[in-house]
Amino acid sequence: MKFADGKIHGRNFASGKNLYEATACSTCHRFNGAGGGLGPDLTGIGNRYTLRDLLENLIEPSKVISDQYESTQIDLQDGGLLVGRVMKEEGGTLHIAMN
């Protein structure tokens, strides 16, 4: 059975894509090879979540964030600020993924 078969009627995929981009989801998330890389890839998400869980994640996207996607705020000595995901630390150097 396909995700949400028979449960949702009148879907408009173009409208959904516009909403995904307008709400800046694509800033952090990748879908079908396009978008950011800080958050999880959403391609095939219907195979990984129930309809209820997916809707909850859409309504409250920051409610549950896996440790592997958690962003860190880094205060720089010059007063600047970086926000991103720490990829690794080696030799006293942090490698940060940012969009």
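Residues numbered from 1 in each chain as written. Predicted model: local features only at pLDDT ≥ 70, side-chain atom pairs only at ≥ 80, totals over all residues. Heavy atoms only, no water.

Participant: Mind showing me how you'd approach the overall build of the protein here?
Facilitator: Of regular secondary structure, the protein possesses three helices and five strands. Beginning at the N terminus, the succession of helices and strands in the protein can be written as α-α-β-β-α-β-β-β. Computed over the C-alpha atoms, the radius of gyration of the protein is 17 Å, more than 25% above the 13 Å expected from 2.2 N^0.38 for a compact globule of 99 residues. Along the three orthogonal principal directions, the C-alpha set of the protein runs to about 55 × 25 × 25 Å. Buried positions account for 12% of the 99 residues belonging to the protein. Partitioning the intrachain contacts of the protein with sequence separation of at least 6 by distance along the chain shows that 23% fall at a separation of at least 24. On the protein, roughly 7,800 Å² of surface is accessible, and the fraction owed to carbon and sulfur atoms is 53%. Looking at the protein, you have 10 positive and 12 negative side-chain charges, and the mean spots of the two groups are 12 Å apart. (Helix = DSSP H or I, 4+ residues; strand = E, 2+ residues; numbered from the N terminus. Rg over C-alpha atoms; globule rule 2.2 N^0.38 Å. Buried < 20%, exposed > 50% of the residue type's maximum accessible area, 1.4 Å probe, protein only. Contact = heavy atoms within 4.5 Å. Areas by Shrake-Rupley, 256 points an atom, 1.4 Å probe, with all protein chains shown as cover. Lys, Arg positive; Asp, Glu negative; His and termini not counted. Charge placed at Lys NZ, Arg CZ, Asp CG, Glu CD.)

Participant: Any chance you could explain a nonpolar patch on the surface here in plain terms?
Facilitator: A cluster of nonpolar side chains, namely Leu55, Leu58 and Ile59, defines an oily patch on the protein surface of about 330 Å² accessible area. Structurally, Leu55 is set in helix 3 (residues 51-59). (Patch = residues over 30% accessible without salt bridge, like charges linked within 9 Å, V, L, I, M, F, W, Y side chains within 5 Å. Salt bridge = Lys/Arg side-chain N within 4 Å of Asp/Glu carboxyl O.)

Participant: Help me out: how do you make sense of the sheet that holds strand 4 (residues 81-90) in this one?
Facilitator: Strands belonging to one sheet form pairs held by backbone hydrogen bonds; the direction of such a pair is parallel or antiparallel. The strand order 3-4-5 describes an open sheet built from three strands, whose pairing is antiparallel. Either end of the sheet is taken by a strand with one partner, and the two such strands are strand 3 (72-75) and strand 5 (93-97). Averaged over all pairs of adjacent strands, the angle between their axes in this sheet comes to 70 degrees, without regard to strand direction. Relative to strand 4, strand 3 runs antiparallel, the two being bridged by four bridges. Across the sheet, the residue bridging to Gln73 is Val83, located in strand 4. (Pairing = 2+ DSSP bridges. Axes fitted to C-alpha atoms, helices over the stretch in contact; angles between N-to-C directions.)

Participant: I keep staring at the pairing of strand 5 and nothing clicks. Help me out?
Facilitator: For a regular strand, the rule is simple: side chains alternate between the two faces of the sheet. In terms of strand pairing, strand 4 meets strand 5 through five bridges, oriented antiparallel. The residue bridging Arg85 from the neighbouring strand is Ala97, located in strand 5. Hairpin connection, strand 4 to strand 5: the antiparallel pair is bridged by two residues, and Gly91 has positive phi, about 60 degrees.

In short, geometric facts, not functional conclusions.
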